[in-house]
Amino acid sequence: MKKQVSATVMAVFLVVTLVGCQTKPVGPATPFQPAAIDAQAYTKKVDTFVVVLDASQTMGDVYNGRPKIDLAKDIVAHMNQTIPPLDYKAGVVAFGSGACLDNKDAKVLYGMTAYRRAELASSLESLKCVGGASPMSEGIKQSDTNLKGGTFGQTALIIVSDAVNIYHGGAIENVKKLKEAMGDKLCVYPIQVGQDKDGKKLMDELAKVGGCGFAVNADDISSSNAMADYVKKVFLAPAPPKVAAAAPVAAAVVDSDGDGVPDSRDKCPNTPKGAKVDANGCWVLKGVYFDSDKAVIKDTKVLDEATVILKANPKLNGEVRGYTDSTASAEYNQKLSEARAKAVRDYFIKQGIAPERIRAKGFGETNPVASNDTMEGRAQNRRVELHPDM
């Protein structure tokens, strides 16, 4: 009798295990006609937004006649079509387990990078299936990793999930850690797909931890007008009223450091002369790349240009940051990134830059600037950046 019971238990276990390993396909986003938003009537409420998308097995279950992952994908895609094309930074992270996410608990589908509507839409289409467990905490942790070490300003964390089979404690704890790191710059906006009551409690609690966001159900923002209202609340603030000038007087454009970016939006004043800056007026030197699994500098032209500027500004110090693609283990990539950063620092020292002026730090496979799913993207991610102390 005991043997019969044991065999029955084992059979049930095998069935559950096999079901848990199944994957379910993700359909294309449905056509959508977004409600128009007059961008001139609004200013940005946030500088950065990160979408954390549930790609676990329960998202393949049917709700209101469609798989929940298709409803979730529609919500993100329709949001993407509704957001006015302002100067945002954005990222998309999926969480689940198994082959759908390359056997990772969380995978970056997009960013962190300058927001481009078409590129974000393409990243959603790259998710072909869902499956496995629901490690929401890892999706939030990956977002935390992407946001660390960068200047992202006011940030909206948008979590899209059915919130089923989620370990509440881990998800809440990781949001708390991110909130402690970013403070008032972070607001949390959970979107629940489906009507799981325990899941709703979790989503409400996550919004509460964020302190300045709110939770909604996907059903409530599925129409064009409802989505437009949601986008206005999360992403936009009313533009200040225009004050008519007594007489048309051309305002003088002030650019104190002469880097081509007006002081009014220059986030890095006193940039050294000759440095190539980004849209925010910050000198972030890029263009030093490596072959796969190598720490040998392929081209020193960019480093030679940086050396000239460093020598012309003897009081300027900085940090060399090394990065890798994701083809090896995270531990191995961390060591490789450190080796690449050190190789660049050693080059500067060889060119006559005092060792105490340059620090070297490795960031492994974090903060990719392109997709690791393509050869070209991986080549861009094998890089070193120089961030001066301003």
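Residues numbered from 1 in each chain as written. Predicted model: local features only at pLDDT ≥ 70, side-chain atom pairs only at ≥ 80, totals over all residues. Heavy atoms only, no water.

> Which parts of the structure should I look at to understand the overall build of the protein chain?
If you tally the helices and strands in the protein chain, you get ten helices and 16 strands. Looking at the protein chain residue by residue over its 390 residues, the buried ones come to 46%. Expressed as a percentage of contacts within the protein chain between residues at least 6 apart in sequence, the contacts between residues at least 24 apart total 75%. When the accessible surface of the protein chain is split by element, carbon and sulfur atoms take 55% of a total near 19,800 Å². (Helix = DSSP H or I, 4+ residues; strand = E, 2+ residues; numbered from the N terminus. Buried < 20%, exposed > 50% of the residue type's maximum accessible area, 1.4 Å probe, protein only. Contact = heavy atoms within 4.5 Å. Areas by Shrake-Rupley, 256 points an atom, 1.4 Å probe, with all protein chains shown as cover.)

> Hey, could you run me through the state of the cysteines in this one?
In protein chemistry, a disulfide is the covalent bond that joins the sulfur atoms of two cysteines. In the structure shown here, the tally under the stated rule is two disulfides. Across the disulfide from C100 sits C129; the S-S distance is 2.0 Å. Judged by the sign of its S-S torsion, about -120 degrees, the cystine formed by C100 and C129 is left-handed. Of this pair, C100 sits in the loop between strand 6 (89-95) and strand 7 (106-114) while C129 sits in strand 8 (residues 129-131), and the two are 29 residues apart along the sequence. Each member of the pair C100 and C129 is classed as buried. Across the disulfide, C187 is cross-linked to C212 (sulfur-sulfur distance 1.8 Å). Taking the sign of the S-S torsion, about -110 degrees here, the bridge from C187 to C212 comes out left-handed. Linking C187 in strand 10 (residues 186-192) with C212 in the loop between helix 6 (197-210) and strand 11 (216-217), this pair joins segments that are 25 residues apart in sequence. C212 gets classed as partly exposed once you look at its relative accessible area, which sits at 34%. (Disulfide = S-S within 2.5 Å.)

> Got a minute to help me understand the packing of aromatic side chains in this structure?
The geometry of an aromatic ring pair comes down to the distance between the two centres and the angle between the two planes. Evaluation of the coordinates by the stated rule reveals eight aromatic pairs. Note on F49 and Y115: the rings are 5.3 Å apart at their centroids and 70 degrees apart in plane angle, and the pair reads as edge-to-face. Placement of F49 in strand 3 (residues 48-54) and of Y115 in the loop between strand 7 and helix 3 (117-125) is noted, with a sequence separation of 66 residues between them. Centroid distance F49 to F235: 5.1 Å. Interplanar angle 85 degrees. Geometry classified as edge-to-face. Residue F49 is located in strand 3, and its partner F235 is located in helix 7 (residues 224-235); the two are separated by 186 residues in the primary sequence. (Phe/Tyr/Trp six-rings, centres within 6.5 Å; stacked < 30°, edge-to-face > 60°.)

> When you look at the pattern of salt bridges in this model, what are you seeing that I'm missing?
Any two side chains of opposite charge can pair, given that their charged atoms come close. The final tally for this structure, using the stated rule, is twelve salt bridges. One salt bridge connects D74 with R66, and the closest N-O pair in it is separated by 2.8 Å. Owing to a relative accessible area of 24%, R66 belongs among the partly exposed residues under this scheme. Salt-bridge contacts for D373 lead to K107; the nearest nitrogen and oxygen are separated by 3.6 Å. Linking D373 in the loop between strand 15 (358-362) and helix 10 (375-381) with K107 in strand 7, this pair joins segments that are 266 residues apart in sequence. By relative accessible area, which is 13% here, K107 ends up buried. (Salt bridge = Lys/Arg side-chain N within 4 Å of Asp/Glu carboxyl O.)

> Is there a simple way to explain the sheet that holds strand 6 in this structure?
Paired through their backbone hydrogen bonds, the strands of a sheet run either parallel or antiparallel. Pairing within the open sheet is mixed, and its six strands lie in the order 7-6-3-9-10-11. If you trace the sheet from one side to the other, it starts and ends with strand 7 and strand 11, each paired once. Pairing analysis gives two bridges linking strand 10 to strand 11, with the strands arranged parallel. By the bridge assignment, Q192 is partnered in strand 11 with N217. The strands touched by helix 6 are strand 9 (155-161) and strand 10; relative to strand 10, the strand with the most contacts, the crossing angle is about 165 degrees. (Pairing = 2+ DSSP bridges. Axes fitted to C-alpha atoms, helices over the stretch in contact; angles between N-to-C directions.)

> Sorry, what's going on with the environment of G153 here?
The residue G153 is located in the loop between helix 4 (136-147) and strand 9 in this model. Spatially, the C-alpha atoms of G153 and D184 are 9.8 Å apart, while their sequence positions differ by 31 residues. Discounting residues that sit within four places of it in the chain, G153 has contacts with D47, M182 and K185.

> Help me out: how do you make sense of the packing of helix 2 (residues 68-82) against helix 7 in this one?
Packed helix pairs are characterised by how far apart their axes lie and by the angle those axes make with each other. One can describe the packing of helix 2 onto helix 7 by two numbers: an axis separation of 10 Å at closest approach and a directional angle of 70 degrees. Between helix 2 and helix 7, the angle falls in the class roughly perpendicular. Touching I75, H78, M79 and T82 of helix 2 are M227, A228, Y230, V231 and F235, all from helix 7. Split by residue class, the contact of helix 2 with helix 7 holds seven nonpolar, two polar and no charged. (Parallel < 35°, antiparallel > 145°, perpendicular 65-115°, else oblique. Nonpolar A, V, L, I, M, F, W, Y, C, P; charged D, E, K, R; others polar.)

> Looking at this structure, how should I read unusual backbone geometry?
For residues other than glycine, phi is negative in most cases, and the peptide bonds are mostly trans. Going from G111 to M112, the amide bond is cis rather than trans, its omega being 0 degrees. Among the secondary structure elements, M112 is positioned in strand 7. For N64, which is not glycine, the phi torsion reads 55 degrees and is therefore positive. Judged by its relative accessible area of 60%, N64 is exposed. One non-glycine residue, N367, adopts positive backbone phi at about 55 degrees.

> What's the story with the pairing of strand 9 in this structure? I'm lost.
The side chains of a regular strand alternate, residue by residue, between the two faces of the sheet. Extensive coverage of strand 9 is indicated by the burial of seven of its seven residues. Of the two faces of strand 9, the one carrying T155, L157, I159 and S161 and the one carrying A156, I158 and V160 are both buried. The handedness of the strand 9 to strand 10 crossover, carried by helix 5 (residues 168-182), is right-handed. (Right-handed = clockwise from strand over helix to strand, strands pointing away.)

> Can you help me understand the nonpolar core in this one?
Side chains that are nonpolar tend, in soluble globular proteins, to be buried together. F49, M79, I158, I191, Y230 and F235 are the most contacted members of the largest nonpolar core, which totals 48 residues. Looking at this core, the elements with two or more residues in it are strand 3, helix 2, strand 6, strand 7, helix 3, strand 9, strand 10 and helix 7. When residues no more than four places from it in sequence are discounted, the contact partners of Y230 are M79, I158, Y189, I191, F214, V216 and I221. Core analysis: the second largest hydrophobic core is formed by 25 residues, V50, I140, I166 and L206 among them. (Core = buried A, V, L, I, M, F, W, Y, C linked by side-chain atoms within 4.5 Å.)

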